[in-house]
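Single-letter residue listing:
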Amino acid sequence: MTQRALDPSGDEPNRPSVPSGTDRPVMIDAGTELDPVHPVELPAPGGGRGLTAAEVAERIARGEINDVPVRSSRSVREIVRANVFTRFNLIIGVLWVIMLFVAPIQDSLFGFVIIANTGIGIVQEWRAKKTLDSLAVIGEAKPTVRRDGVAAEISTSEIVLGDLVELGPGDKVVVDGTVAEADSLEIDESLLTGEADPVLKHAGDPVMSGSFVVAGGGAFAATKVGREAYAAQLAEEASRFTLVQSELRTGISTILKYVTWMMIPTAIGLVLSQLVVKDHNFKDSVARTVGGIVPMIPEGLVLLTSVAFAIGVVRLGRKQCLVQELPAIEGLARVDIVCLDKTGTLTEGGMDVTEVRALNGTDEPYLHRVLAALGASDPRPNASLQAIIDAYPVPDGGAWTVTQALPFSSARKYSGAAFDEDGGRTSGWLLGAPDVLLSEDDPALAEIEQLNQQGLRVLLLARAQGPLDDPATATGAEPCALIVLEQRLRPDARETLAYFAEQRVATKVISGDNAVSVGAVAAKLGLPGAEHTLDARRLPTDPDEMATAMEENTVFGRVTPQQKREMVAALQSRGHTVAMTGDGVNDVLALKDADIGVSMGSGSEATRAVAQIVLLNNSFATLPSVVAEGRRVIGNITRVATLFLTKTVYSVLLAVLVVCFQVEYPFLPRHLTLLSTLTIGIPAFFLALAPNKERAHPHFVRRVMRYAIPSGTIAAVATFVTYLLARHHYTGPGSLDAETSAATLTLFLVSMWVLAIIARPYTWWRICLVAAMGLAFLVVLVVPWLQNFFALKLVGAQMPWTAVGIAVIASAALEYAWRLVSRRFPV
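The shown structure was predicted, so the numbers you read here are calculated from the model rather than taken from an experiment.

What counts as what
- Residues numbered from 1 in each chain as written.
- Predicted model: local features only at pLDDT ≥ 70, side-chain atom pairs only at ≥ 80, totals over all residues.
- Heavy atoms only, no water.
- Axes fitted to C-alpha atoms, helices over the stretch in contact; angles between N-to-C directions.
- Helix = DSSP H or I, 4+ residues; strand = E, 2+ residues; numbered from the N terminus.
- Parallel < 35°, antiparallel > 145°, perpendicular 65-115°, else oblique.
- Contact = heavy atoms within 4.5 Å.
- Nonpolar A, V, L, I, M, F, W, Y, C, P; charged D, E, K, R; others polar.
- Pairing = 2+ DSSP bridges.
- Buried < 20%, exposed > 50% of the residue type's maximum accessible area, 1.4 Å probe, protein only.
- Polar contact = N/O pair within 3.5 Å; in protein donor to acceptor, adjacent residues only side chain to side chain.
- Phe/Tyr/Trp six-rings, centres within 6.5 Å; stacked < 30°, edge-to-face > 60°.
- Lys NZ or Arg CZ within 6 Å of the ring centre and 35° of its normal.
- Core = buried A, V, L, I, M, F, W, Y, C linked by side-chain atoms within 4.5 Å.
- Salt bridge = Lys/Arg side-chain N within 4 Å of Asp/Glu carboxyl O.

Draft legend 1. Structural context of the packing of helix α18 (residues 543–552) against helix α19 (residues 561–573). Their axes nearest at 8 Å, the elements α18 and α19 cross at an angle of 90 degrees. Looking at the two axes, α18 sits roughly perpendicular to α19. Contacts between α18 and α19 pair P543, M546, A547, M550 and E551 from the former with E566, M567, A570, L571 and S573 from the latter. Residue composition of the contact of α18 with α19, grouped by class: 7 nonpolar, 1 polar and 2 charged.

Pasting the structure below:
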């Protein structure tokens with residue numbers, strides 16, 4: 001089997017591929033014992049032709065196929081169940097049924113609102129599911145399987161028991177199997193065992209689904225497929241659509257937990273107060289009791305959070321961005337450091353050979369022949385080798401015979417091949433990083449430094465003096481030529497780097513290339529701090545010292561895969577939220593450990609498998625859209641959460657005041673349904689989906705409650721004062737309706753002022769939104785049939801104007817409270 005090598009300069013192969021968003025390996029305890037591999041007939045030695053068409057058909061008929069369901073989202077049934085069967089829907093559903101029996105239909109409107117909200121949530125998540133599923137199909141892994149001696153890419157679900165699956169650098173092992181062919185095959189099983197060191201595999205060794213190839217190549221026979229594969233069920237579970245494990249949703253869950261505990265005793269006290277202490281109409285008592293309980297529940301908050309996330313997935317999907325875990329939208333918005341790989345991120349995959357400089361008097365025509373032979377030795381060349389192939393095609397005489405191949409490893413920084421040349425001569429060659437293959441005092445390094453400072457990539461071609469797999473071969477190799485490659489800068493990279501700088505997100509370029517060369521490329525793109533370069537071989541090993549070096553420098557070269565992982569951990573130890581981008585197998589460990597992993601669609605299967613976000617269009621310029629979407633979700637949900645929890649606070653306090661003062665609860669459910677719709681429901685829907693570029697801040701619960709508690713307290717006190725004054729002002733039949741109307745007017749005006757504060761900074765549509773809600777309430781007050789429907793009729797002039805005056809005082813108190821809170825409790 002011919003070996004496929006990685007980029008000898010330190011970066012990964014940029015071969016066309018599509019992302020696998022559906023088969024995600026997960027971490028298993030290092031002590032977990034792997035299941036034994038079921039015996040299966042391996043291809044005959046020397047044959048390696050794989051199964052025949054008849055054998056494949058026979059296995060399919062027996063059901064021996066990799067039939068694990070491939071899903072990136074919840075099923076429709078799960079979506080419906082998750083949105084319908086919630087704790088608060090149960091509470092509201094019971095109260096709604098009670099109201100249908102004891103009160104007019106207008107007091108049951110809150111139930112219809114919940115049905116509408118639940119329906120909206122289901123539809124929006126279903127849309128997100130369709131988007132995710134369609135992107136997952138586009139990005140499904142296509143392993144290469146050999147059948148009847150012919151290698152072809154097939155869907156993962158089409159693999160059958162006994163199939164011969166080919167492996168190369170960056171390929172992911174999709175089912176369990178036994179190695180049939182191995183050519184310096186090294187497999188990383190860290191995603192299963194936690195051990196980062198690659199394992200050298202030989203024929204007959206087991207391989208497990210969820211591991212991936214870091215070097216070499218080979219093939220394995222599938223011994224376990226479908227649900228029997230070791231990582232299949234775990235991978236399926238890990239790839240599902242999720243709305244959990246984020247600060248935003250965790251914070252909301254925390255709030256809802258406390259609301260529940262606060263609501264239970266308050267509701268019990270209200271029930272006893274209205275049904276036992278007050279001696280009036282039973283049905284009216286029930287209606288007012290329910291009217292006091294329902295607004296305590298911030299039922300729309302969870303819905304709007306889900307809708308905001310789901311719409312974010314749809315929006316990003318349209319930009320060819322696959323979000324494999326929904327919290328990643330939020331997470332990237334909180335990131336303050338982005339670590340970038342150069343190749344595939346700042347530069348495009350393609351390169352051009354600009355010059356070959358002969359060293360030590362080597363004959364140039366002979367060098368061209370050697371380069372042609374190296375290019376021909378790899379059937380699936382990477383970007384730099386493809387540039388060499390384009391520049392030096394195989395001459396008419398044919399390629400030399402390959403007798404030995406040394407795969408590239410990120411630790412070695414070079415690859416090699418040995419040939420039988422024309423005329424019976426033999427030779428061995430190394431191709432890789434000059435500063436690794438040359439001694440520190442070699443005069444050629446000064447020449448290379450000048451080229452690196454121009455942003456050019458330089459490879460060294462050296463003649464090996466011994467076996468390629470001998471570590472001493474590199475130190476004794478004879479330098480023969482410098483191959484100068486020019487990289488193509490991404491046209492959108494400059495703008496993207498400028499965006500992160502503007503948003504105060506630090507950018508660190510981490511590459512396997514020469515640090516000076518990488519710094520020159522970064523400088524061309526205008527990256528701030530690009531002049532601060534550091535060779536990773538000089539990085540301190542102490543985590544704290546490494547963290548300091550990471551914060552002080554911007555560009556890092558000659559970084560090994562393990563160092564990338566350590567660099568991410570060092571930054572995280574300083575409290576940074578770190579995003580890591582990459583497309584090669586040497587990025588996998590760092591991607592997995594970073595707070596947010598971002599993979600290019602053309603990257604290796606392993607990187608796409610561990611990343612939370614996959615950029616299907618391979619465009620680094622898509623990242624600002626993800627950041628913007630996350631900021632929209634976080635900022636807007638913070639706004640609307642304040643609205644919902646202000647209502648919860650004033651509802652609980654009003655209930656407590658009613659119990660303490662032993663009076664009728666002032667509102668029927670219809671009143672609070674109207675107020676909630678106009679001051680919270682409709683405005684929150686528009687505010688939750690509006691553009692928002694505000695920088696994401698931590699401590700969601702504290703930020704929301706610091707405003708909701710004073711706002712709800714002021715609203716409750718103002719409303720109850722108006723209610724008590726109205727009880728003294730109105731007497732006789734119908735007095736309770738008049739008292740309720742006056743209290744409703746105060747509560748509406750104060751709630752509108754809370755909405756007006758939250759809607760800032762004002763834009764034309766925000767002003768129109770607030771004005772429209774006020775106008776809608778005015779229409780209810782002046783249209784007779786709406787007055788009767790909502791039982792709202794202002795009686796006389798003195799008490800309504802008193803209610804307005806109290807609302808004005810309360811609004812002034814709100815302004816003062818918000819400014820005081822902002823100063824005393826900053827974010």
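Now, onward.
Draft legend 2. How the structure looks around the sheet that holds strand β21 (residues 613–615). Within the open sheet, the 8 strands sit side by side as β8-β21-β20-β19-β9-β16-β18-β17. Their pairing is mixed. Each end of this open sheet is capped by a strand with a single partner; those strands are β8 (321–323) and β17 (533–535). On average, adjacent strands in this sheet sit at an angle of 20 degrees to one another, irrespective of strand direction. Pairing between strand β9 (residues 337–340) and strand β16 (residues 506–510): 4 bridges, direction parallel. Bridged to V338 within β16 is T507. Sitting on the sheet, α18 is in contact with β16, β17 and β18 (555–557), with an inclination near 110 degrees to β16.

Draft legend 3. Looking closely at helix α17 (residues 515–524). Counting buried positions along α17 yields 7 of 10 residues, so the element is predominantly enclosed. Restricting attention to buried positions, one finds in α17 the residues A515, S517, V518, G519, A520, V521 and A522. Where α17 begins, the capping side chain belongs to N514, and its oxygen is found 2.9 Å from the backbone nitrogen of V516. Following α17 by one or two positions, G526 adopts a phi angle in the positive range, close to 75 degrees.

Draft legend 4. Layout of the packing of aromatic side chains. Evaluation of the coordinates by the stated rule reveals 11 aromatic pairs. Ring geometry for Y366 versus W429: centroids 5.9 Å apart, planes at 55 degrees, classification tilted. Linking Y366 in helix α11 (residues 364–376) with W429 in strand β13 (residues 426–432), this pair joins segments that are 63 residues apart in sequence. In terms of burial, Y366 and W429 fall into one category: buried. Their ring planes at 75 degrees and their centres at 6.1 Å tell us that Y665 and F667 sit as a pair that is edge-to-face. The exposure class assigned to Y665 is buried, which follows from its relative accessible area of 0%. For F667, a relative accessible area of 0% gives the class buried. In textbook terms, an aromatic cluster arises when at least three aromatic residues are bridged by ring pairs, as seen for Y366, W400, F419 and W429. Positioned over the ring face of Y258 is K257, at 5.3 Å from the centre of the ring.

Draft legend 5. Here's a closer look at the nonpolar core. Within the largest apolar cluster, 90 residues are counted, with the highest numbers of intra-cluster contacts made by F110, I637, V640, L643, F700 and F777. Counting residues per element, this core draws most heavily on helix α22 (residues 623–661), at 12 residues. Contacts of I637, omitting those with residues within four sequence positions, involve L248, I252, L304, T305, A308, R632 and F700. V521, A530, L615 and V626 belong to the second-largest nonpolar core, a separate cluster that totals 36 residues.

Draft legend 6. Region of the structure containing unusual backbone geometry. Geometrically, the link from R760 to P761 is a cis peptide bond, its omega value of -5 degrees lying close to zero. Its place among the elements puts P761 in the loop between α25 (735–758) and α26 (764–782). Backbone geometry places D148, a non-glycine residue, at a positive phi of 55 degrees. Along the chain, the position of D148 falls in the loop between β1 (144–147) and β2 (150–153). Classification of D148 as partly exposed rests on a relative accessible area of 34%. Not every positive phi belongs to a glycine, and A791 is a case in point at roughly 55 degrees. Mapped onto the elements, A791 comes out in the loop between α27 (784–790) and α28 (798–824).

Draft legend 7. The pattern of salt bridges, seen in detail. Here the structure, examined in full by the defined rule, presents 21 salt bridges. Salt-bridge contacts for R558 lead to D435; the nearest nitrogen and oxygen are separated by 3.0 Å. With R558 in the loop between β18 and α19 and D435 in helix α13 (residues 434–437), this residue pair connects regions lying 123 residues apart in the sequence. No difference in accessibility class separates R558 from D435, as the two residues are buried. Linking R760 and E815 is a salt bridge whose minimum nitrogen-to-oxygen distance equals 2.5 Å. A residue pair is termed long-range when its members are at least 10 positions apart, and R760 in the loop between α25 and α26 and E815 in helix α28 qualify at 55 residues. Residue classification places R760 among the partly exposed residues on the basis of a relative accessible area of 30%. Classification of E815 as buried rests on a relative accessible area of 14%.

Just geometry here; none of it tells us what the structure is for.
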